[in-house]
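# Analysis of the macromolecular model
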Amino acid sequence: MSLYPEIEPYEHGMLDVGDGNRVYWEVCGNPRGKPAVVLHGGPGSGCTPGFRRWFDPEAYRIVLLDQRGCGRSTPHASAYGTDMSVNTTPRLIADLELLRERLGIERWLVWGGSWGSVLGLRYAQTVPGVVSELVLTGIATGSRAEVALLTRGLGQIFPEAFARFRDEVPVGERDGDLAVAYDRLLASPDPEVRARAARAWTDWETAIVPAPPRSVPRYEDAVFRAGFARTVAHYFAHDHLLGEDGVVLRDAPLLAGIPGTLVQGSLDFGNLLGTVWRLHQAWPDSELVIVDEVGHDAGAPGVGAELVRATNKYRPAAR
């Protein structure tokens with residue numbers, strides 16, 4: 001099962017969400033189709049045209065947005081003066097509600113990848129009645145244990161790359177919380193310090209991909225690299241700004257009645273904690289699909305096919 005053909009948006013704009021932030025959004029597909037919203041990863045990755053291709057354009061009204069501080073939204077997290085204190089999970093959820101109301105949508109399917117799965121899950125848990133289904137991949141829940149695994153635990157698997165990542169922070173901080181250390185470096189008034197930290201962060205992100213190729217072209221864009229690293233470190237250093245560690249898994253019973261499909265690569269190292277299995281067990285209305293021999297990549301062979309199968313499953317019946 002292949003992705004749907006490339007399409008272009010028929011409507012787009014910038015939504016003033018307050019705090020000096022404006023969020024880019026676009027809509028494509030069928031204006032009278034079933035609404036679906038795409039929540040990108042990172043946090044801070046931004047949406048790309050490829051996200052439009054997970055949905056049948058004849059059946060879905062597909063909404064994409066760049067979350068605060070990334071992509072075409074302003075101000076961008078790469079700018080030193082950008083206030084990261086107003087980039088929080090509750091504010092991102094409020095932004096989704098503003099956009100839903102702006103577009104006149106009552107309920108929508110939520111598609112989320114990686115960080116987008118955290119945001120989608122918390123959105124469904126805290127805003128009752130607006131999420132019709134969830135399609136999630138590269139599953140995470142934003143827990144402290146997941147951050148510890150990604151910033152230190154995987155050092156046992158990739159010791160050489162981890163040594164480079166760890167050694168970019170001052171000696172006195174190397175045995176502490178590396179996310180906190182990088183969050184500070186990426187907010188430094190010294191542009192050289194920020195640039196070195198962003199490069200080291202994305203080099204580590206690239207190193208922990210479980211299979212080649214380990215080249216990620218977007219990380220070669222200095223603006224993207226700076227904004228992405230700063231946003232991820234900001235969220236990692238503050239428990240994903242969820243208010244309480246482990247709250248997404250704790251509140252999984254609140255998802256009762258919402259159908260969902262969880263698509264996970266068997267070589268996704270974020271899966272070492274068993275998070276996706278525990279989420280599935282706590283959410284009876286979910287379907288868990290494990291794709292063998294692929295990692296944390298929605299575009300990997302097999303993963304893409306399962307994501308399309310999921311959105312096809314939830315599309316409205318032909319009349």
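Below, the structure is looked at part by part.

## Side note on the packing of aromatic side chains
Enumeration according to the criterion identifies 15 aromatic pairs in this entry. A centroid spacing of 5.0 Å and a plane angle of 55 degrees characterise the contact between Trp-115 and Tyr-235, whose relative ring orientation is tilted. Linking Trp-115 in helix α2 (residues 115-126) with Tyr-235 in helix α7 (residues 222-237), this pair joins segments that are 120 residues apart in sequence. Overall, Tyr-235 belongs to the buried group, its relative accessible area being 0%. Centroid distance Phe-162 to Trp-204: 5.7 Å. Interplanar angle 65 degrees. Geometry classified as edge-to-face. Here Trp-204 lies in helix α6 (residues 191-207) and Phe-162 lies in helix α4 (residues 159-167), a separation of 42 residues in the sequence. Following the ring pairs from residue to residue traces out a cluster consisting of Phe-162, Phe-165, Tyr-182, Trp-201, Trp-204 and Phe-236.

## A word on the state of the cysteines
Enumeration over the complete set of coordinates arrives at zero disulfides. Cys-28 takes part in no disulfide bond, and the closest cysteine sulfur to it belongs to Cys-47, at a distance of 9.9 Å. We note that Cys-47 lacks a disulfide partner, and the nearest cysteine sulfur, in Cys-70, lies 8.1 Å from it. When its relative accessible area of 9% is taken as the criterion, Cys-47 is described as buried.

## Comments concerning the side chain of Ser-73
You can see Ser-73 is positioned in the loop between β4 (60-65) and α1 (89-102). Accessibility expressed as a relative area gives 2% for Ser-73, which makes it buried. With residues near it in sequence (within four places) discarded, Ser-73 still touches Met-14, Arg-22, Val-23, Tyr-24, Asp-66 and Gln-67.

Conventions adopted
- Numbering of residues starts from 1 in each chain and follows the order in which that chain's sequence is written.
- Only residues with pLDDT of 70 or above have their local features reported here, since the model is predicted, and side-chain atom pairs are shown and tallied only from 80 upward, although totals for entire chains, interfaces and linings are computed over all residues.
- Calculated side-chain values reflect all of the structure's heavy atoms, with hydrogen atoms and water omitted.
- Only the six-membered ring of Trp is used, alongside the rings of Phe and Tyr, when aromatic pairs are assigned; centres must lie within 6.5 Å, and planes under 30 degrees apart are stacked while those over 60 apart are edge-to-face, with the rest tilted.
- For helices the rule is a DSSP run of H or I covering at least 4 residues; for strands it is a run of E covering at least 2, with both sets numbered from the N terminus onward.
- Only protein chains enter the area calculation, which uses a 1.4 Å probe; residues under 20% of their type maximum are buried, those over 50% are exposed, and those in between are partly exposed.
- For the purposes of this analysis, a disulfide is any pair of cysteine sulfur atoms at a distance within 2.5 Å.
- Whether two residues touch is decided by their heavy atoms; if any such pair falls within 4.5 Å, the residues are in contact.

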